[in-house]
Amino acid sequence: MISADVVVIGAGAAGLFCAGVAGQLGADVLVVDHAAKVAEKVRISGGGRCNFTNVHTEPRHFLSANPDFCRSALARYTPADFVGLVDRHGIAWHEKHQGQLFCDGSSLQIVDMLLAECDMGGVRRRQPCAVESVARDGTGFQVATGDGPIAAGRVVVATGGLSIPKLGASDFGYRLARQFGHAIVETRPALVPFVVTDPRWRPFAALAGLSLPVLIVAAGRTGEAEFLEDLLFTHRGLSGPAALQASSYWAPGTDVTVDLAPGRDLGAELVAAKASSGRWLDGFLAEALPRRLAEAWLLAWPALAERPIAELRDRDLVAIGESVHRWTVRPSGTEGYRKAEVTAGGVDTRELDSRSGESRLQPGLHFIGEVVDVTGWLGGYNFQWAWASAAACARALVA
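Residues numbered from 1 in each chain as written. Predicted model: local features only at pLDDT ≥ 70, side-chain atom pairs only at ≥ 80, totals over all residues. Heavy atoms only, no water.

A.B. asks: It is not clear to me how the pairing of strand S16 (residues 256–259) should be interpreted in this structure. Could you clarify?
C.D. replies: Sheet faces and side chains relate simply in a regular strand, where the side chains alternate between the two faces. Neither face of S16 is left uncovered, since the one carrying Val-256 and Val-258 and the one carrying Thr-257 and Asp-259 both have all their residues buried. Of the strand pairs in this sheet, strand S13 (residues 211–220) and S16 are connected by four bridges, and their pairing is antiparallel. Residue pairing in the sheet places Ala-218 in a bridge with Val-256 of S16. As paired strands, S16 and strand S17 (residues 327–329) are joined by three bridges and run antiparallel to one another. Within the sheet, the bridge partner assigned to Val-256 lies in S17 and is Val-329. (Buried < 20%, exposed > 50% of the residue type's maximum accessible area, 1.4 Å probe, protein only. Helix = DSSP H or I, 4+ residues; strand = E, 2+ residues; numbered from the N terminus. Pairing = 2+ DSSP bridges.)

Structure follows, in C-alpha cells:
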C-alpha cells in the first residue's frame, strides 16, 4: 500500500489546482482520475480558448440552496489572483463580453499551467485509475483503486458533475457523499439549450441559425433572473448565451419570457409611424427585427401583416409591439446533460465548512468545485469557483 497526506479524486480544474497549491505548501499529494486525459472540460471550454474567469465575479452570480456558502472562498481567491498566475506563466489573454477573460491561444495553455503547478508541488498522479471505494481507516482513509490501495490522511473529492458524459462524467462524487451521510441537492442540467415541441414552434424552427440580442427572463427554481444576451434559434428550440443563462433558473412547466427588441418601445414607435405615409407593418418589423424573424412573427397577425400602418388601430399596433417585447415560450425540456455546460445542485453545502470545503460529518473529507451545490452563471464564473474553492481547500489541508 502506498500513502499520501492528501488524495485528490478528480483531475479536472478544481482537482488539479487544489493539488498544485497544496503540494507547493508542503503536502504530499496524489491525484487519482479514471480518465486517460486530464482537464478535458478545460480543454473544450470557451470554444477551445478557455473562458478561465470573469473579472466581475461576485456571490450573486452563483445559484445554491445555501447562497452564502460561496462568499468565503470567492473573497479569499479572486479573479485577479488567478490572472496573476496566468501572467506568471506567460499566457496571453483578452477580455471579451461582460468581463469574460479568454486565452489568446489555446485552452491547453491553462491545462499545461495546472500540470506545471502540480509538478512544482511534487504532486503525483495516477491515471487512468478508477477509485473503487473510500473507507474510514482510523483517523484517515483507505482509498481502493484499480491500481491498489492508498492510505490517505485526507481525501478531496473534485469529481465534477454529470455534464458531458462523453468526457467521463459520473455520479461517483455524489455516491461517495451519500456514503458518508451527506445530503444531495437535486441535480439537473444547467447552462443548457432549451427544447421546444409545441406545434406553434414550427415557424420558428425554420429560423435555425438566426441570432439576435434579447432580454430574457426566467423564473422558477431559485427565483427570477434576467439576462441581456444573444439568443440563438435552433431546429429543436433555443440556445445561445441567453437561453443557457435562463436554463439555470428555469423549472419544468414554466415559461421563459423574451424581449426581442430590448431598449425600444415598438408599440409607441408603430403608433408614431402612422403619421408617416407609406409605412407598412411588414417593412417596419423587418427593420426592427431580423427579416426572417419578422416574417415568422407576422404569421400570427395575418389580417394586419400587409397593410399600411396608417390604416391600423392604435390598440392593435400597441398589441403587436407588446407581443415582441413579451414573447413567452414554454420549453418542453432541455438538451440534458449531454449538452449542459455544468450540473446544478450537488453536495449540500450546509454540511460543509465554507472556509475549506471540509465535511462537518466526516473530518478530513473535502468537497470542491462542481460536485458541490454551487453553480455559476455563464461567462467564466464556474471556473472561478473551481479555482477559489480549490485554493480554500488546499490552504486548509496544510494549516
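A.B. asks: Honestly, empty space enclosed by the protein in this entry has me stumped. Any pointers?
C.D. replies: Take a probe with the size of a water molecule and roll it over the atoms, and the empty space left behind shows itself. Considering all chains together, one arrives at one cavity of 30 Å³ or more under this definition. Lining the largest cavity, in full, are Phe-69, Ala-73, Ser-354, Ser-356, Gly-357, Phe-367, Ile-368, Trp-385, Ser-389 and Ala-392. Residue contributions to the lining of the largest cavity peak at three residues, all from helix H13 (residues 381–397). Residues of the lining of the largest cavity, tallied by class, amount to six nonpolar, four polar and no charged. (1 Å grid on protein atoms, 1.4 Å probe; cavity = no way out; pocket = protein on both sides within 12 Å on 5 of 7 lines; lining within 4 Å. Points joined across faces, edges and corners; volume = space filled by probe spheres on them. Nonpolar A, V, L, I, M, F, W, Y, C, P; charged D, E, K, R; others polar.)

A.B. asks: What exactly am I supposed to notice about the state of the cysteines here?
C.D. replies: Working definition of a disulfide: a covalent bond connecting the sulfur atoms of two cysteines. In total, this model carries zero disulfides according to the counting rule given. In this structure Cys-103 is not part of a disulfide, and its nearest cysteine sulfur, from Cys-50, lies 5.3 Å away. Relative accessible area serves as the criterion here: at 0%, Cys-103 is assigned to the buried category. A disulfide-free cysteine, Cys-393 has its sulfur positioned 4.0 Å from the sulfur of Cys-18, the nearest such atom. Owing to a relative accessible area of 0%, Cys-393 belongs among the buried residues under this scheme. (Disulfide = S-S within 2.5 Å.)

A.B. asks: What is the right way to read helix H5 (residues 108–120) from this model?
C.D. replies: An α-helical segment advances 3.6 residues per turn. Residues three or four places apart therefore align on the same side. The terminal C-alpha atoms of H5 lie 18 Å apart, and with 13 residues this matches the ideal 18 Å at 1.5 Å per residue to within 8%. Ile-110, Val-111, Met-113, Leu-114, Leu-115, Glu-117 and Cys-118 are the residues of H5 that are buried. (Expected span 1.5 Å × (residues − 1).)

A.B. asks: How should the layout of surface pockets be read in this particular structure?
C.D. replies: Within this model, the second largest pocket holds a volume of roughly 420 Å³. Looking at the second largest pocket, it is lined by 17 residues, and the ones nearest its centre are Arg-200, Trp-201, Phe-204, Trp-327 and Thr-328. When contributions to the lining of the second largest pocket are tallied by element, the ones reaching two or more residues are helix H7 (202–205), helix H11 (291–297) and S17. It is S17 that provides the largest number of residues to the lining of the second largest pocket, a total of three residues. Partitioned by chemical class, the residues of the lining of the second largest pocket number eleven nonpolar, two polar and four charged.

A.B. asks: Explanation requested: the nonpolar core in the structure shown.
C.D. replies: As a rule of thumb, soluble globular proteins bury nonpolar side chains together. Counting 130 residues, the largest nonpolar core has Ile-110, Leu-231, Phe-233, Leu-260, Trp-327 and Trp-387 as the members making the most contacts within it. With twelve residues, H13 is the largest single contributor of residues to this core. Leaving out residues up to four positions away in the same chain, Leu-260 has contacts with Leu-212, Pro-213, Val-214, Leu-289, Leu-293, Trp-297, Val-324 and Trp-327. In terms of nonpolar packing, the next biggest core, distinct from the first, is built from six residues, Ala-190, Leu-191, Leu-244 and Leu-378 among them. (Core = buried A, V, L, I, M, F, W, Y, C linked by side-chain atoms within 4.5 Å. Contact = heavy atoms within 4.5 Å.)

A.B. asks: Looking at this structure, I do not really get the packing of helix H1 (residues 13–24) against H13. What am I missing?
C.D. replies: Think of two packed helices as two axes; the pair is described by the angle between the axes and how far apart they sit. At a minimum axis separation of 8 Å, H1 and H13 run at an interaxial angle of 35 degrees. Classified by chirality, the crossing of H13 by H1 is right-handed. Across from Ala-13, Ala-14, Phe-17, Cys-18, Val-21 and Ala-22 in H1, the residues of H13 making contact are Phe-383, Ala-386, Trp-387, Ala-390, Ala-391, Cys-393, Ala-394 and Leu-397. Looking at the contact of H1 with H13 residue by residue, the classes come out as 14 nonpolar, no polar and no charged. (Axes fitted to C-alpha atoms, helices over the stretch in contact; angles between N-to-C directions. Left-handed = near helix turned anticlockwise from the far one by under 90°.)

A.B. asks: What am I meant to see in the sheet that holds strand S3 (residues 51–54) here?
C.D. replies: Sheet strands associate in pairs through backbone hydrogen bonding, adopting either a parallel or an antiparallel arrangement. The three strands are arranged S3-S6-S5 in an open sheet whose pairing can be described as antiparallel. On the outer flanks of this sheet lie S3 and strand S5 (93–95), each paired with one strand and no other. Recorded for the sheet is a direction-independent mean angle of 25 degrees between the axes of neighbouring strands. One ladder, built from three bridges, connects S3 with strand S6 (residues 100–103); its direction is antiparallel. Note on S6: the bridge partner recorded for Asn-51 is Phe-102. Across the sheet, helix H4 (residues 79–88) lies against S3, S5 and S6, angled at about 140 degrees from S3, the strand it touches most.

A.B. asks: I would appreciate a short explanation of the sheet that holds S13 in the present structure.
C.D. replies: Ordered by their spatial adjacency, seven strands build an open sheet running S17-S16-S13-S14-S15-S12-S18, and the pairing between neighbours is antiparallel. The open sheet terminates on both sides in strands that have one partner only, identified here as S17 and strand S18 (333–334). In the sheet, strand S12 (residues 194–195) pairs with S18 via two bridges, with the strands oriented antiparallel. If you follow Phe-194 over to S18, its bridge partner there is Thr-334.

A.B. asks: Looking at this model, I keep getting lost on the environment of Pro-165. Mind explaining?
C.D. replies: Its location among the elements puts Pro-165 in the loop between strand S10 (148–157) and helix H6 (172–179). As for Pro-165 and Ala-219, which are separated by 54 residues in sequence, their C-alpha atoms are 28 Å apart.

A.B. asks: In this structure, what is going on with helix H12 (residues 314–325)? I would like to understand it.
C.D. replies: Here H12 is twelve residues long and its end C-alpha atoms lie 17 Å apart, about the 16 Å a rise of 1.5 Å per residue gives. Within H12 the residues assigned to the buried category are Asp-316, Leu-317, Ile-320, Gly-321, Ser-323, Val-324 and His-325. Looking at the buried residues of H12, the elements they touch are S16, helix H9 (266–273), helix H10 (281–288), H11 and S17.

A.B. asks: What exactly am I supposed to notice about the packing of aromatic side chains here?
C.D. replies: A ring pair, where both rings are aromatic, is described by two values, the distance of the centres and the angle of the planes. Within this structure, the stated rule accounts for 21 aromatic pairs. A ring pair is formed by Phe-204 and Phe-233, whose centres lie 6.4 Å apart and whose planes are at 20 degrees; its orientation type is stacked. A residue pair is termed long-range when its members are at least 10 positions apart, and Phe-204 in helix H7 and Phe-233 in strand S14 (residues 223–233) qualify at 29 residues. The pair formed by Phe-204 and Phe-233 is uniform in burial state, with each residue classed as buried. Each ring, one from Phe-204 and one from Trp-327, has its centre 5.1 Å from the other, and the planes form 45 degrees; the classification is tilted. Of this pair, Phe-204 sits in helix H7 while Trp-327 sits in strand S17; the two residues are 123 residues apart in sequence, bridging distant segments of the chain. One exposure class covers both Phe-204 and Trp-327, and it is buried. Cluster of aromatic residues (ring-pair linked, three or more members): Phe-17, Phe-52, Tyr-77, Phe-82, Phe-383 and Trp-387. Taking the ring centre of Phe-102 as reference, the NZ or CZ of Lys-96 above it sits at 4.8 Å. Sitting over the ring of Phe-141, Arg-136 keeps its end group 4.2 Å from the ring centre. (Phe/Tyr/Trp six-rings, centres within 6.5 Å; stacked < 30°, edge-to-face > 60°. Lys NZ or Arg CZ within 6 Å of the ring centre and 35° of its normal.)

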